Amino acid sequence: MANLPTPLEEAASSLSGGRPLFLKREDVHELGAFKWRGALPALEAFRARGADGVVTASTGNHGAASAWAAQRTGMQAIVFVPEGASEAKLALLGELGAELHRVGDDLDESKELAREHAAANELAFFEDGAEPAQFDGYEAIGREILEQLGTSPARVIVPVGNGALIIGVARGVGPVLGVVAKEAPVMALSVEAGHPVESDRSGTFADGMAVRVAIPLAVEEMSRAGMPMTMVSERAIARAVGDFAAAGIRVEGSGAAALAAFRELEPEDDPTVLIVTGRNIDDDLHRRAVEDPESFPD
């Protein structure tokens with residue numbers, strides 16, 4: 001399924017509550033997440049500019065996608081990850097042959113160390129969310145939704161980390177709603193302000209949304225488009241992970257965030273689409289979310 005459209009499926013009634021709801025299953029890709037769509041065109045662009053490899057930072061999925069794309073473009077991927085990164089995602093990175101540096105307390109600290117490494121070694125730095133080619137890759141998701149659904153949805157709910165995914169999806173499909181974790185609010189706060197704001201919080205178990213420092217290009221694009229944003233709690237995300245599991249779908253926290261947001265919205269007659277961004281979550285964390293969602297903060 002390297003470059004094939006991902007499925008659009010009608011959600012089980014246990015997830016939809018009887019409302020028209022569809023799932024865009026980015027989790028079924030061989031990498032278990034959507035990030036390949038942005039990484040491949042970005043590395044092709046780096047390659048065209050003469051780069052032999054890239055240095056990047058990630059909580060896991062972006063790094064895996066960069067390593068996967070590097071294999072397909074004949075490049076090297078050097079990936080910096082936080083010290084507390086998901087073991088499931090680290091295992092995938094190892095399988096894909098990335099040169100791994102496990103340093104930093106959070107994603108943004110790892111990113112600064114990656115940027116310094118790239119500069120010191122005269123290597124290209126690939127900042128997730130800051131490469132326009134990524135937006136083009138994610139736009140395909142929106143186009144696929146229109147083709148598969150056969151009509152325009154009322155809205156597409158998109159988990160937001162650095163913002164590249166929602167920008168691309170909006171270009172392809174139109175109406176979107178971004179969702180961030182309350183414990184990692186910087187992108188929502190920045191879009192509301194119209195410029196990047198400072199935040200000291202990124203402590204969400206939905207590591208795909210664990211952003212503390214906003215990406216200026218993404219904030220500019222999202223603010224210009226007037227993209228609406230909402231926040232959901234860790235407990236709401238955990239409950240959604242459990243509900244997906246009961247429906248036979250394994251998702252990571254960011255993959256469940258769109259469902260958590262959907263449940264807080266007023267009903268719509270036209271269908272809503274949720275982007276199920278990924279499935280790569282450590283077993284212990286998944287078990288806790290499924291069995292004890294009340295242990296997460298509200």
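Provided above is the structure to which this section pertains.
Keep in mind the model is a prediction, meaning the values are calculated, not measured. (Residues numbered from 1 in each chain as written. Predicted model: local features only at pLDDT ≥ 70, side-chain atom pairs only at ≥ 80, totals over all residues. Heavy atoms only, no water.)

1. Quick look at the sheet that holds strand 6 (residues 124-126)
Phase 1 of the analysis: The four strands lie next to each other as 5-4-3-6, forming an open sheet whose pairing is parallel. Across the chains shown, the open sheet's two edge strands, defined by having one partner strand only, are strand 5 (99-102) and strand 6. If you compare each strand with its neighbour and ignore which way they point, the axes differ by 25° on average.
Phase 2 of the analysis: Inspection of the sheet shows strand 3 (residues 53-57) paired to strand 6 by three bridges, in the parallel sense. Looking at strand 6, one finds that V55 is bridged to F125.
Phase 3 of the analysis: Here helix 4 (residues 87-95) sits on the sheet in contact with strand 4 (76-81) and strand 5, set at roughly 150° to strand 5. (Pairing = 2+ DSSP bridges. Helix = DSSP H or I, 4+ residues; strand = E, 2+ residues; numbered from the N terminus. Axes fitted to C-alpha atoms, helices over the stretch in contact; angles between N-to-C directions. Contact = heavy atoms within 4.5 Å.)

2. Some points on the layout of surface pockets
Phase 1 of the analysis: Considering only enclosed or pocket space, the largest pocket measures out at about 290 Å³ in volume.
Phase 2 of the analysis: Lining the largest pocket we find 20 residues, and of these T59, G84, A85, T204 and D207 sit closest to its centre.
Phase 3 of the analysis: Grouping the amino acids of the lining of the largest pocket by side-chain chemistry returns seven nonpolar, seven polar and six charged. (1 Å grid on protein atoms, 1.4 Å probe; cavity = no way out; pocket = protein on both sides within 12 Å on 5 of 7 lines; lining within 4 Å. Points joined across faces, edges and corners; volume = space filled by probe spheres on them. Nonpolar A, V, L, I, M, F, W, Y, C, P; charged D, E, K, R; others polar.)

3. Structural notes on the packing of aromatic side chains
Phase 1 of the analysis: This structure, assessed with the given rule, holds four aromatic pairs.
Phase 2 of the analysis: Ring centres 4.6 Å apart and planes at 45° place the aromatic pair F205 and F296 in the tilted group. Placement of F205 in the loop between helix 8 (186-193) and helix 9 (216-225) and of F296 in the segment after helix 12 (283-291) is noted, with a sequence separation of 91 residues between them. F296 carries the same exposure label as F205, and that label is buried. (Phe/Tyr/Trp six-rings, centres within 6.5 Å; stacked < 30°, edge-to-face > 60°. Buried < 20%, exposed > 50% of the residue type's maximum accessible area, 1.4 Å probe, protein only.)

4. Things to note about helix 11 (residues 253-262)
Phase 1 of the analysis: Of all ten residues making up helix 11, ten are buried, and the element is well covered by its neighbours.
Phase 2 of the analysis: For helix 11, every residue scored as buried is listed here: G253, S254, G255, A256, A257, A258, L259, A260, A261 and F262.

5. Some remarks on the nonpolar core
Phase 1 of the analysis: In terms of nonpolar packing, the biggest core is built from 41 residues, with V156, V176 and M187 touching the most fellow members.
Phase 2 of the analysis: Considering every element that reaches this core, the biggest residue donor is helix 7 (residues 164-173), with seven residues.
Phase 3 of the analysis: If we ignore the near neighbours within four places in the chain, the residues touching V176 are V156, V158, I166, V169, A170, M227 and P228.
Phase 4 of the analysis: In this structure, L15, V241, A258 and A261 belong to the second largest nonpolar core, which totals 32 residues. (Core = buried A, V, L, I, M, F, W, Y, C linked by side-chain atoms within 4.5 Å.)

6. Points about the sheet that holds strand 7 (residues 155-159)
Phase 1 of the analysis: Pairing in this open sheet of six strands is mixed, and the strands run 1-2-10-7-8-9 from one edge to the other. The sheet terminates laterally at strand 1 (8-10) and strand 9 (229-232), the two strands that pair on one side only. Ignoring strand direction, the axes of neighbouring strands in this sheet form an average angle of 30°.
Phase 2 of the analysis: Relative to strand 8 (residues 176-181), strand 7 runs parallel, the two being bridged by four bridges. The residue of strand 8 that forms the bridge with V158 is G178.
Phase 3 of the analysis: Strand contacts of helix 6 (residues 132-149): strand 1, strand 2 (21-25), strand 7 and strand 10 (272-276), with the helix running at about 135° to strand 2, the strand carrying the most contacts.
Phase 4 of the analysis: Of the strands in this sheet, strand 8 and strand 9 are in contact with helix 8, which crosses strand 9 at around 150°.

7. Notes on empty space enclosed by the protein
Phase 1 of the analysis: Scanning the entire structure with this criterion turns up one cavity of 30 Å³ or more.
Phase 2 of the analysis: The space that makes up the largest cavity amounts to roughly 330 Å³.
Phase 3 of the analysis: Every residue lining the largest cavity is counted, 30 residues in all, and those nearest its centre are K35, D128, G161, N162 and G208.
Phase 4 of the analysis: Where the lining of the largest cavity is concerned, the elements lending two or more residues are helix 3 (61-73), helix 5 (107-120) and helix 7.
Phase 5 of the analysis: Across the lining of the largest cavity, the residue classes tally to twelve nonpolar, eleven polar and seven charged.

8. Description of the environment of S202
Phase 1 of the analysis: Within the secondary structure layout, S202 lies in the loop between helix 8 and helix 9.
Phase 2 of the analysis: On the basis of relative accessible area, S202 is assigned to the buried category, the value being 15%.
Phase 3 of the analysis: With 94 residues separating them in the primary sequence, S202 and D108 have C-alpha atoms 9.4 Å apart.
Phase 4 of the analysis: Apart from the residues within four sequence positions on either side, S202 is in contact with D106, E183, A184, A210, V211 and R212.

9. Thoughts on unusual backbone geometry
Glycine aside, negative phi is the norm for most residues, and most peptide bonds take the trans geometry.
Phase 1 of the analysis: Positioned with a positive phi, E122 is a non-glycine residue whose angle comes to about 55°.
Phase 2 of the analysis: Since its relative accessible area comes to 76%, E122 is described here as exposed.

10. Quick notes on the pattern of salt bridges
Phase 1 of the analysis: Applying the stated criterion across every chain, the model contains 30 salt bridges.
Phase 2 of the analysis: A salt bridge links D128 to K35, with the shortest nitrogen-to-oxygen separation between them at 2.7 Å. Taken together, the positions of D128 in the loop between strand 6 and helix 6 and K35 in the loop between strand 2 and helix 2 (36-48) put the pair 93 residues apart, joining distant regions of the chain. Residues D128 and K35 agree in their burial class; the two are buried.
Phase 3 of the analysis: Of the charged contacts, one joins D298 and R235 as a salt bridge, the two residues approaching to 4.0 Å between their closest N and O atoms. (Salt bridge = Lys/Arg side-chain N within 4 Å of Asp/Glu carboxyl O.)

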